[in-house]
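Structure at a glance
Below, each chain spelled out in residue letters.
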Amino acid sequence: MKKVNFGAGPSILPQEVMKATAEACVDFEGLGLSLMEISHRSKEFQKVMDDAQALFKELLQIPEGYSVLFLGGGASLEFAMVPYNYLEHKVAYLNTGVWATKAQKEARLFGEVVEVASSADKNFTYVPKNFEVPADADYLHITTNNTIYGTELLRDIDSPVPLIADMSSDILSRPVDVSKYTMIYGGAQKNLSMAGVTFVIVKDDSLGKVSRQIPTMLDYRTHIKKGSMFNTPPVVPIYSALQTLKWIKSQGGVEAMDKRAAERAEILYNEIDRNKLFRGTAEAADRSRMNICFVMNDEYRELEQEFLAFALERGMWGIKGHRDVGGFRASCYNAMPVEGVKALVETMKAFENR
Ligand SMILES: *Cc1c(COP(=O)(O)O)cnc(C)c1O
């Protein structure tokens, strides 16, 4: 039986994307060579890079003056690269979960970090509002979707200082006003590609303002100058990202992704709220559309393992919650069809009726 992949990352990708990538690894667009064995400087690969950058810009309507980069090291390396490139004296971090905490920890190596607000008091079940950002901070760092806890900041906030966002787990799931951000980054393995590539959207003139020396590879200017080809980039994951970008365009762009995300979330949260066995863990106003977290209601707690086994038997893959939250997490990234969520809802109903 075909499985429905609710895994949190690496995660579901459109079938077309995986097929095209597999094909390119055998015979790259009829060249008689594999994508894995040709030079990244070949005109054939250069076109992949150019197309991926151009399509990213088109889909997110990225304004002039920004560059799109495809780097290695994951979002985790960006946690260090961001302060390396931007922190001179003091920066501000909003703490909404484990990833946000890790990002902040790296910044502390470079200077003063002000935690403007934190939802750690309630196990990150909400996104703090009404926090104050020091006017003299070099930037404010936020995490727009908290993959582990299932909370999401669904709008582009106004920040009095340059805004930098980790969008690892909700990139391309809605239109974003990129002009409000100085920099956006994320690991590609949730909404965009296979593991191995990091996307970076960076405002060119925001760089070069810190006094420290920056190692060549960690300096965003190096990668901007060289069109994201300073060194050998992760060619296969970039090809795969291009296929996803093409797929998103063919489906109607980020507006279509946005509509689908809203539809999936409504269907699944409605069932979580209706079904007496389950309850959601995140505060209703901050519920993520990408990672839908829920647990067994207290009186049914002992049924947790049974439900996991029941769901798996019905092809529901990867719904075990993160150990920090427990219960279940249904990750519903861009490639998740509405039918996948409906199948999970049927499973929840069948378990309740049993
Ligand atoms: C998965 C994830 C990360 C970590 O990404 P890596 O590419 O594995 O370093 C960081 N931030 C968020 C929000 C994530 O979901």
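Report follows, based on the coordinates.

Scoring rules and cut-offs
- Residues numbered from 1 in each chain as written.
- Predicted model: local features only at pLDDT ≥ 70, side-chain atom pairs only at ≥ 80, totals over all residues.
- Heavy atoms only, no water.
- Pairing = 2+ DSSP bridges.
- Helix = DSSP H or I, 4+ residues; strand = E, 2+ residues; numbered from the N terminus.
- Axes fitted to C-alpha atoms, helices over the stretch in contact; angles between N-to-C directions.
- Parallel < 35°, antiparallel > 145°, perpendicular 65-115°, else oblique.
- Left-handed = near helix turned anticlockwise from the far one by under 90°.
- Contact = heavy atoms within 4.5 Å.
- Nonpolar A, V, L, I, M, F, W, Y, C, P; charged D, E, K, R; others polar.

Below, the discussion takes up the sheet that holds strand β14 (residues 328–331). The three strands lie next to each other as β11-β12-β14, forming an open sheet whose pairing is antiparallel. Every other strand in the sheet has two partners, leaving β11 (278–280) and β14 as the edge strands with one partner each. When the angles between neighbouring strand axes are averaged without regard to direction, this sheet yields 30 degrees. Alignment of β11 against strand β12 (residues 291–296), held across three bridges, turns out to be antiparallel. Looking at β12, one finds that Phe 278 is bridged to Met 296.

To continue, consider the packing of helix α2 (residues 43–59) against helix α6 (residues 235–250). With their axes 9 Å apart at the nearest point, α2 and α6 run at an angle of 40 degrees to one another. As far as their axial angle goes, α6 and α2 are oblique. Where α2 crosses over α6, the two elements pack in a sense that is left-handed. Taken together, the residues of α6 that come into contact with α2 (itself represented by Phe 45, Val 48, Met 49, Asp 51, Ala 52, Leu 55, Phe 56, Glu 58 and Leu 59) are Val 235, Ile 238, Tyr 239, Leu 242, Leu 245, Lys 246, Ile 248 and Lys 249. Counted by class, the contact of α2 with α6 contains 13 nonpolar, no polar and four charged residues.

Interpretation in functional terms is not warranted from these geometric data alone.
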